[in-house]
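What the coordinates show
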Amino acid sequence: MAKKRTIRTIPQLRTAMTEQEPAERVRTFGEVACGYSLEEALRETERCLFCPDEPCVRGCPVGIDIPGFIQRLGERDVKGAYDVLTDTTLLPAICGRVCPQESQCEGVCTVGQTLAPVAIGRLERFVGDAAIREGWASVPFIEPAGHKVGIVGSGPAGVACAADMAKAGCAVTVFEAFQQPGGVLRYGIPDFRLPNEVLDAEIAKLARLGVTFRCNTLVGRLFTIEQMVEEMGFDAVFIAVGAGTPDFPDIPGASLNGVISANELLTRCNLMQARDFPAHDTPVGIGKRIAVVGAGNTAMDAMRVSRRLGADVMCVYRRSRTEAPARAEELHHAEQEGIDFHWLTDPIEVLDDGHHGVRGLRCRTMELGEPDASGRRRPLPVAGSEHELECDTVVFAIGTNANPILGQTSRIKLDARGYIEVDDDLATSLDGVFAGGDIVTGAATVILAMGAGRKAARSMKRYLGLVDSDVVYQETAAEDTLFGIAADRLGYARVKVPA
Amino acid sequence: MLSSEGFEVVRREDLSEVTYLLEVRHPELARAARPGQFVIVMSHAEGERIPLTIADLDRSAGTITLVVQAVGKTTREMQRDLRAGGSLYALVGPMGHPSHVGEAKKVVIVGGGLGIAPTYPIARAFKESGAYVIGVIGSRNKDLVFWEDRFRAVCDEFTICSDDGSVGIKGLVTLGIQQALERHSDVDELVAIGPPVMMRACAELTRPRGIKTVVSLNPIMVDGTGMCGGCRVKVGTTTKFACVDGPEFDGHQVDFDDLLMRLRRFQPEEKEALERWQTQGAAVT
Ligand SMILES: Cc1cc2nc3c(=O)[nH]c(=O)nc-3n(C[C@H](O)[C@H](O)[C@H](O)COP(=O)(O)OP(=O)(O)OC[C@H]3O[C@@H](n4cnc5c(N)ncnc54)[C@H](O)[C@@H]3O)c2cc1C
Ligand code: SF4
Ligand code: FES
């Protein structure tokens, strides 16, 4: 750097990202945000101040070396930037798209105190996409450690753990109940936010590391966790089955035919491709006027999917816009796409059309009182505010619970709400069995699940007596990498340490 | 493989014009499955996920048997396309809780229509547990009856009821059950699998007599793992997910009206898919 950057010398405006026009995009499932060009990315890197105290790194749940990757990117060393990113995150193309950056790294970025923060997520995505395009992946030579590791669930937690264990020389098998891997990234998050090709590319990297995927495998019922350890020869097991069991509210009319969970709508549409009905056999089963209850990411996805299927869509949420838990960008995109928001509105009854279908949603208006346990202001009903919203479909996106099958079929210790109990190392009550992601924390985020997968991998390696440096990485090119990090940069020894 | 591997169909048998049997290779599944459980099947990558009850299994051959009735587009297409040597794109299970084959000393096992298939392994399990098994199966006519021999072999008493009297006694399964209950005052349990209307009638028959009644529900499903709630049913005062809480429930507690209404959810789409398939693709083999 020639001259030290200051808040006054950097580009004042955040580099905009090209987006499909709202009017256009509500007719397709193509990705909304088009991504930066190299020039745009380079311009945005110029906004980073390389703060010595690195607040963004501390704001990142997994501690990505953010200034480090931005610096390499700024030097047009995209591969170097990728290496820094993949030291910590396994799925930059995915996390760049779906992380709630505004409440993590970007939320604490120094630039953000004066101007719009550095667009860290967009830069991460740029680097991740470049890696997919260029086919970069560190595929090390892995000396088999002779350990067999089983992973249950192929969402971000399972996939992250699988990669680390494969890199440590273990024979890794990932078991997934659905016919395709990816967890929520596959069945929940729609294509216009996370294209299937991006997910496929990230998962293909794991296959190149030698990870075996066994889809159509319902662990617990086809075989139990106990059997994996005692009979099937798995030396360690990681459970990452997520928390996808949808809540329905206890209000009259909740079993009517037009009432569905957001998970059902999204699974039909994304995993089963119901949007192509009848070319794909699965129908979607929504009408023309949809009320989506909730304002988290799942709700936003359900609304925007419904919009693309040609429906008029309302959002019904009992708190105000400020409390909406969705990523800021999703909320913004939903607003652009013409969703009709009913804030401070609480549904109290789904109205029957006389044929077990839906004709509307009876609601009451709320106002915000004192902060509750979550720190958000508690919504309280306004007397005499009952009113009806006309709709033919009600989609509930009001929360989910632990997936129940493992709990039903294993002795593993659960907490009172059915989530798996773990200690600080993510070890469960069963020896050699670890757990992480939504099945431990309750519904959270992709990056936290991924972080848990990597943390579990560290614990599993300790449990198996594996040390990272035991692994030999074959150099296929001068700048070949270990976990994506060039050896000379961070001084990692990549030779086998004699026992 | 990243996605599905395919599951080989080793045998296909046509039980009637509309009912066919598929024996599919999946040794692990054959080992794990218990009576009362079901699987979810996709015939091809663009297909739907449909639940099918496991009708039989052969652990030494490593196969499970499914009995399918060709009613909608998917099941008719499978009837047209699947032969021995072919394969299913996806097969996952066993799902749901197994039947509870417990203390009952005398049981009535009722299978109606396609329900004949999934009740067979339950009847057999009760027989093996030492119970006195009274089998009652119902069918519209003689041509639709299948597995009579197998059923007889695991029952101490056996009655067929047909709507038109072309086989067995003329009447609904409820008539057969009534006769059985007149002969035996000490029936401990009744298990009924078949159309919801039939299961409801069975439950109404046993309710005044206080006989424990188990029914197996078949709501619309997507994942079969508790993640969509499409399969929710009302049982007593609670809502249950049939795929993970069932599929068997106390017949006296099930809200059959709700189930019947919910089964109609996709009627227009099912009709559309079938009509389209019949006019466009059905003729092509
Ligand atoms: C619609 C939607 C949108 C979201 N948007 C965002 C977002 O924008 N940003 C963000 O950070 N987070 C988002 N989230 C949350 C995030 O996706 C989850 O926190 C994360 O995916 C959890 O990862 P996981 O690996 O723990 O579980 P999951 O991703 O849930 O994966 C679990 C997998 O295990 C499989 N499984 C379950 N039971 C079994 C079994 N018995 N045997 C075998 N396999 C089994 C499941 O089929 C599933 O594939 C969203 C969630 C949803 C539902
Ligand atoms: S806080 Fe912002 S400006 Fe500072 S190093 Fe991180 S991204 Fe750059
Ligand atoms: S089929 Fe989806 S929850 Fe039961």
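This text follows the structure it describes.
Residues numbered from 1 in each chain as written. Chains lettered and ligands numbered in written order. Predicted model: local features only at pLDDT ≥ 70, side-chain atom pairs only at ≥ 80, totals over all residues. Heavy atoms only, no water.

1. Section: the packing of helix α4 (residues 66-74) of chain A against helix α5 (residues 78-88) of chain A
All names here are of chain A.
- Where α4 meets α5, the axes come as close as 7 Å, and the angle between the chain directions of the two elements is 170°. Viewed along their axes, α4 and α5 adopt a mutual orientation that is roughly antiparallel. Across the interface between the two elements, Gly 68, Phe 69, Arg 72 and Leu 73 from α4 touch Val 78, Gly 80, Ala 81, Val 84 and Leu 85 from α5.
- In the contact of α4 with α5, the residues fall into 6 nonpolar, 2 polar and 1 charged. (Axes fitted to C-alpha atoms, helices over the stretch in contact; angles between N-to-C directions. Helix = DSSP H or I, 4+ residues; strand = E, 2+ residues; numbered from the N terminus. Parallel < 35°, antiparallel > 145°, perpendicular 65-115°, else oblique. Contact = heavy atoms within 4.5 Å. Nonpolar A, V, L, I, M, F, W, Y, C, P; charged D, E, K, R; others polar.)

2. Thoughts on the site of ligand 1
Residues and elements named next belong to chain A.
- Lining the immediate environment of ligand 1, one finds 36 residues, of which Val 98, Glu 176, Arg 193, Val 219 and Asp 438 sit closest.
- Within the backbone of Ala 157, a nitrogen or oxygen atom sits 2.9 Å from an oxygen atom of ligand 1.
- Within the backbone of Ala 177, one N or O atom sits 3.2 Å away from a nitrogen atom of ligand 1.
- Against a free-state accessible area of 1000 Å², the protein chains account for coverage of 96% of ligand 1. (Near = heavy atom within 4 Å. Polar contact = N/O pair within 3.5 Å; in protein donor to acceptor, adjacent residues only side chain to side chain. Areas by Shrake-Rupley, 256 points an atom, 1.4 Å probe, with all protein chains shown as cover.)

3. What to know about the interface of chain A and chain B
- Facing the 50 residues of chain A at the interface are 55 residues of chain B.
- For the pairing of chain A and chain B, the buried interface totals around 4000 Å² over both sides, and the portion due to carbon and sulfur atoms is 57%.
- Viewed at the interface, chain B and chain A are joined by 1 salt bridge.
- Between Arg214(A) and Glu28(B) there is a salt bridge; the shortest N-O distance is 2.8 Å.
- Among the secondary structure elements, those contributing two or more residues to the side of chain A that touches chain B are α11 (196-208), β3 (212-214), β5 (245-246), β6 (259-261), α13 (262-271) and α16 (405-409) of chain A.
- Considering every element that reaches the side of chain A that touches chain B, the biggest residue donor is α13(A), with 4 residues.
- Of the residues that constitute the side of chain A that touches chain B, the class distribution is 27 nonpolar, 18 polar and 5 charged. (Buried area = accessible area lost by both parts, 1.4 Å probe. Salt bridge = Lys/Arg side-chain N within 4 Å of Asp/Glu carboxyl O.)

4. What about α11(A)?
All names here are of chain A.
- Here α11 spans 18 Å end to end across 13 residues, near enough to the 18 Å set by a 1.5 Å rise per residue.
- Every buried residue of α11 is accounted for by Asn 196, Val 198, Leu 199, Ala 201, Glu 202, Ile 203, Lys 205 and Leu 206.
- Packed against the buried residues of α11 are α5, α6 (92-98), α8 (120-134), α9 (156-167), α10 (184-187) and β3.
- Following α11 by one or two positions, Gly 210 has its phi on the positive side, about 95°. (Expected span 1.5 Å × (residues − 1). Buried < 20%, exposed > 50% of the residue type's maximum accessible area, 1.4 Å probe, protein only.)

5. Quick notes on the site of ligand 2
- In the region of ligand 2, the neighbouring residues are Cys48(A), Leu49(A), Phe50(A), Cys51(A), Pro55(A), Cys56(A), Pro67(A), Cys109(A), Thr110(A), Val111(A) and Ile120(A).
- Across the shell around ligand 2, the residue classes tally to 10 nonpolar, 1 polar and no charged.

6. Regarding the sheet that holds strand β16 (residues 248-250) of chain B
Residues and elements named next belong to chain B.
- Across the sheet, 7 strands lie side by side as β11-β10-β9-β8-β12-β13-β16; this open sheet has mixed pairing. In this open sheet, the two strands that pair with only one neighbour each are β11 (169-170) and β16.
- Sheet analysis places strand β12 (residues 189-193) next to strand β13 (residues 212-216), joined by 4 bridges and oriented parallel. In the strand pairing of β13, Val 191 is matched with Val 214. (Pairing = 2+ DSSP bridges.)

7. Quick word on the sheet that holds strand β8 (residues 312-316) of chain A
All names here are of chain A.
- Across the sheet, 5 strands lie side by side as β6-β14-β7-β8-β9; this open sheet has parallel pairing. Each edge of the open sheet is held by one strand with a lone partner, namely β6 and β9 (340-342). Averaged over all pairs of adjacent strands, the angle between their axes in this sheet comes to 25°, without regard to strand direction.
- Note that strand β7 (residues 289-293) and β8 share 5 bridges and pair parallel. Note on β8: the bridge partner recorded for Ala 291 is Met 314.
- Each of β6 and β14 (393-396) is contacted by α13, which is oriented at about 75° to β6, the strand it contacts most.

8. Observations concerning the environment of Gly233(A)
Residue and element names in this part refer to chain A.
- With respect to the helices and strands, Gly 233 occurs in the loop between α12 (225-230) and β4 (236-239).
- Measuring from C-alpha to C-alpha, the distance between Gly 233 and Val 293 comes to 46 Å, with 60 residues separating the pair along the chain.
- Excluding its chain neighbours within four sequence positions, the residues that come into contact with Gly 233 are Lys 148 and Met 228.

9. Topic: the nonpolar core
- One finds Val350(A), Leu361(A), Val394(A), Val110(B) and Leu217(B) to be the most contacted residues of the largest nonpolar core, which totals 55 residues.
- Broken down by element, the residue count for this core peaks at 5 residues, all from helix α6 (residues 196-206) of chain B.
- Val394(A) has contacts with Gly258(A), Val259(A), Ile260(A), Ala291(A), Val293(A), Val350(A), Val358(A) and Leu361(A), leaving out every residue within four places of it along the chain.
- Residues Leu91(A), Ile94(A), Cys95(A) and Ala160(A) belong to the second largest nonpolar core, which totals 47 residues. (Core = buried A, V, L, I, M, F, W, Y, C linked by side-chain atoms within 4.5 Å.)

10. Considerations on the packing of aromatic side chains
- Taken as a whole and judged by the stated rule, the model has 11 aromatic pairs over all chains.
- Pairing Phe175(A) with Phe234(A) gives two aromatic rings, centres 5.8 Å apart and planes at 85°, and the pair type is edge-to-face. Within this pair, whereas Phe175(A) is found in strand β2 (residues 171-175), its partner Phe234(A) is found in the loop between α12 and β4, the two being separated by 59 residues in sequence.
- Of the residues examined, Phe234(A) reaches a relative accessible area of 5% and is grouped as buried.
- Ring centres of Phe434(A) and Tyr463(A) lie 5.8 Å apart, and the angle between their planes is 75°; this geometry places the pair in the edge-to-face category. With Phe434(A) in strand β16 (residues 433-435) and Tyr463(A) in helix α18 (residues 446-464), this pair connects stretches of sequence that are 29 residues apart.
- Overall, Tyr463(A) belongs to the partly exposed group, its relative accessible area being 37%.
- What links up through ring pairs into an aromatic cluster is the set Tyr120(B), Phe146(B), Trp147(B), Phe151(B) and Phe158(B). (Phe/Tyr/Trp six-rings, centres within 6.5 Å; stacked < 30°, edge-to-face > 60°.)

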